[in-house]
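# Inside the fold
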Amino acid sequence: MTKTLNNRAWFFVLPVFAIVAFSAILPLMTVVNYSVQDTFGNNQFFWNGIGWFQELLDPSSQLGEQFLSSLMRTLLFSAIILLIQVPLGIAVALSMPREGWPVALCLVLMALPLLIPWNVVGTIWQVFARGDIGLLGWTVNSLGIDYNYTGDPIDAWVTIIVMDVWHWTSLVALLCYAGLKSIPDAYYQAARIDGASRWAVFRTIQLPKMRRVLLIAVLLRFMDSFMIYTEPFVLTGGGPGNATTFLSIDLVKLALGQFDLGKAAAMSLVYNLIILAICWVFYTVMTNVDAERERVEA
Amino acid sequence: MARITLDHLAHAYKANPRTAEDYALKEINHVWSQGGAYALLGPSGCGKTTLLNIISGLVRPTRGRVLFDDLDVTDLSTEARNIAQVFQFPVVYDTMTVRENLAFPLKNRNVPRDRTARRVEEIAGLLDLTRVLDRKASNLTADMKQKISLGRGLVRPDVAAILFDEPLTVIDPHLKWQLRSTLKEIHRALDITMIYVTHDQTEALTFADKVVVMHDGAVVQTGIPEELFERPTHTFVGHFIGSPGMNILPCRVEGTTAFIGSTMISLKRAYRTLSDGEHIELGIRPEFVRLQPKGAGLPVQVRRIDDIGRTRIARVEMNGRPLAASIPDDISIEGSEASLVLDPNHVHIYANGHLVAGEATGGHAA
Ligand SMILES: Nc1ncnc2c1ncn2[C@@H]1O[C@H](COP(=O)(O)OP(=O)(O)O)[C@@H](O)[C@H]1O
Ligand SMILES: [Mg+2]
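Predicted model only: the values in this text are computed from it and were never measured.

Once that is clear, we can look at the interface of chain B and chain A. Taken together, the contacts link 27 residues of chain B with 18 residues of chain A. For the pairing of chain B and chain A, the buried interface totals around 2,100 Å² over both sides, and the portion due to carbon and sulfur atoms is 54%. Among the salt bridges present, the one from B:Arg152 reaches A:Asp194, with a minimum N-O distance of 2.8 Å. Along the contact surface separating chain B from chain A lie nine residue pairs in polar contact (both at pLDDT 80 or more). If you list the elements that add at least two residues to the side of chain B that touches chain A, you get α1 (48-56), α2 (78-81), β6 (84-86) and α3 (98-107) of chain B. Its residues placed into classes, the side of chain B that touches chain A shows 11 nonpolar, nine polar and seven charged.

Listed below in structure tokens is the structure:
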């Protein structure tokens, strides 16, 4: 088959280029522009080169120290989220019904948390976890456990993590469920004939067939948890102290609270690069295992 | 190793079957004797897979029992039945090597390592998989993957039976032939009951000692290939087996004479007076219908002559009904008028599809 080259095709993608330029590239360039300048107000800007970046990445400076601790906090949060939501999502997907009306019911119930706006989720949990009037907070306290998410850093973390698990585990589960549904019945039948245990079926049939959707799930959950803003902002406002001040909260404080446009711009760019880099690593590692297998064949 | 008995077995996939149409398997009574090489032959959708899955325990029958020797296994799980089954499309465990795939059924049953290793080598040798034993099973061709599936079916030496569900569907034609002979050799060597499902009569007739023909959820005939050919007990078997299949013509029978329209055919056997309500048909295989130049015999119009290699088959019309007939080597047919000569020893009479025995008339044994 020969490909016909026709330069008119470019005209058809031109509108997309225009939209992307206006919606993404121009704003990004503005940020790049701010990140290399300093200002004393009055809309007067001075060239600052890589000064902001140096300060940001130098842990001995105040900005650098703040950035590093927020970064660590955010990384820890994402790690915990992935460690809980991926296995839990797989487990939920495995125990979902495979056919009949319970499937539809299950899917609707699981999609519900995904449909709630982020700030509403934050508000729901802010009330739900309150010690005085919240059902959860009150119950836990009356069980004799001292729980106060506005005062205790551990309690704040636990609350945010439980909230995120509640909000997003169904996404992982639904993706895994789609992967499981694509396995032909013959595989399960063959496994029964071969006398495979439940665990062997999981290890040798289900997990390998879920790899691709798991890659997507891990990437989505990593990016999303690494950029989490609205829910903790509504729930704890970054506190107590700085205990739940994730990178995004830090960034907004810097940009809108202190109006440090240069620092905030530099931080945005670094933040962005970190996300890209980590996603790239996940992607390469997880697809390389595939490629490695294929290479062994050849 | 066991004799497998199907006792009043019936299966419906619907929850509350009422009419006969609701049943994928109508009532089946059948005994598969220990060590037999069986072919289960029938068109797509007649219930072959359903029957195999019931024998292996993947499907629980709606009614009836399955017995291995004298043990009722109807309620036993697949794992507890000690039976092997190979499916129509390849199933391989992607993360494992070919060797691990073949060893998997043995490993799950805690067979000692050295015995497993020896057995895997042996099976790989039979199926020509030795070269690829240490490669991952994913990314191999469909042929290879199906051989791995076959290998997993064959690797356990002590099974009650090995069930093959159209196992060569995805295999290349020339390799198909070779694999079938391999299976046949393994059968001879191991004395294991094998049930080989297929919708291809050549495959069935070359593999099996005994062929079980299924039609529409029921077993219509069981027999050695010659029996199916010479004495089909059901019109379905007649036209399904043989190429072209048996000629089947609606007729009327009185004593030793059959009437096809106004044409009279004399029979070797006498038949009871067949009642009006029954649908009576006469069946004869094209191999026993000879075409001759116009003259003595039944007058027909020749429509077409097919040269199928060893013989020529004539497509003719008699009183407006199509028939197939063989043309003897020394005969050439000119024009469209010709005559048919039927071998009376191979004429069968069917009532509502089932063979009617008839009574031998003095001295003319069929
Ligand atoms: N899982 C199933 N659920 C409902 N009906 C089925 C199922 N499997 C097979 N059938 C039906 O049972 C009949 C027999 O099917 P099957 O045993 O697969 O036939 P074969 O293997 O001879 O092609 C078919 O009419 C088919 O539609
Ligand atoms: Mg089938």
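Once the structure has been displayed, the description carries forward.
Now for the domain arrangement of chain B. Residue and element names in this part refer to chain B. Each assigned domain of chain B is listed with its residue range as follows: domain 1 (4-235) and domain 2 (247-360). Contacts between domain 1 and domain 2 engage eight residues on the former and 11 residues on the latter. Carbon and sulfur atoms make up 58% of the area that domain 1 and domain 2 hide from each other, which totals about 910 Å². Contact with domain 2 buries surface across domain 1, with Phe229, Glu230 and Thr235 losing the most and accounting together for 55% of the total. At the boundary of domain 1 and domain 2, one finds zero salt bridges. For the side of domain 1 that touches domain 2, the element with the highest residue contribution is helix α8 (residues 225-230), accounting for three residues.

Further remarks concern the site of ligand 1. All names here are of chain B. Taken together, the residues surrounding ligand 1 are Tyr13, Ala24, Pro43, Ser44, Gly45, Cys46, Gly47, Lys48, Thr49 and Thr50. Contact between ligand 1 and Lys48: an oxygen atom at 2.9 Å from a main-chain N or O atom of the residue. Considering ligand 1 on its own, with 560 Å² of exposed area, one finds that the protein chains cover 53% of that surface. Looking at the shell around ligand 1, its residues break down into four nonpolar, five polar and one charged.

What follows is about the confidence of the model for chain B. Looking at chain B, pLDDT values average 89 and 98% of them are 70 or higher. Scored by ipTM, the complex comes to 0.84, with pTM at 0.82.

It is worth spelling out empty space enclosed by the protein at this point. Summary: where empty space remains is shown by rolling a probe the size of a single water molecule over the atoms. According to the stated counting rule, one finds two cavities of 30 Å³ or more in the structure shown. Counted as a void, the largest cavity has a volume near 90 Å³. Along the walls of the largest cavity sit 13 residues, with A:Asp194, B:Gln85, B:Val86, B:Ser149 and B:Arg152 positioned nearest its centre. Broken down by secondary-structure element, the contributors of at least two residues to the lining of the largest cavity are α8 (185-193) of chain A together with β6 and α5 (142-154) of chain B. In terms of residue class, the lining of the largest cavity is made up of seven nonpolar, three polar and three charged. Reported here for the second largest cavity is a volume of approximately 40 Å³. As for the second largest cavity, its lining consists of A:Tyr187, A:Thr204, A:Ile205, A:Pro208, A:Lys209, B:Val92, B:Tyr93 and B:Asp94. Ranked by residues supplied to the lining of the second largest cavity, first place goes to helix α9 (residues 198-226) of chain A with four residues. The residue makeup of the lining of the second largest cavity, split by class, is five nonpolar, one polar and two charged.

Conventions we followed
- Residues numbered from 1 in each chain as written.
- Chains lettered and ligands numbered in written order.
- Predicted model: local features only at pLDDT ≥ 70, side-chain atom pairs only at ≥ 80, totals over all residues.
- Heavy atoms only, no water.
- Contact = heavy atoms within 4.5 Å.
- Buried area = accessible area lost by both parts, 1.4 Å probe.
- Salt bridge = Lys/Arg side-chain N within 4 Å of Asp/Glu carboxyl O.
- Polar contact = N/O pair within 3.5 Å; in protein donor to acceptor, adjacent residues only side chain to side chain.
- Helix = DSSP H or I, 4+ residues; strand = E, 2+ residues; numbered from the N terminus.
- Nonpolar A, V, L, I, M, F, W, Y, C, P; charged D, E, K, R; others polar.
- Domains from an automatic or database assignment.
- Near = heavy atom within 4 Å.
- Areas by Shrake-Rupley, 256 points an atom, 1.4 Å probe, with all protein chains shown as cover.
- pLDDT = per-residue confidence, 0-100.
- 1 Å grid on protein atoms, 1.4 Å probe; cavity = no way out; pocket = protein on both sides within 12 Å on 5 of 7 lines; lining within 4 Å.
- Points joined across faces, edges and corners; volume = space filled by probe spheres on them.

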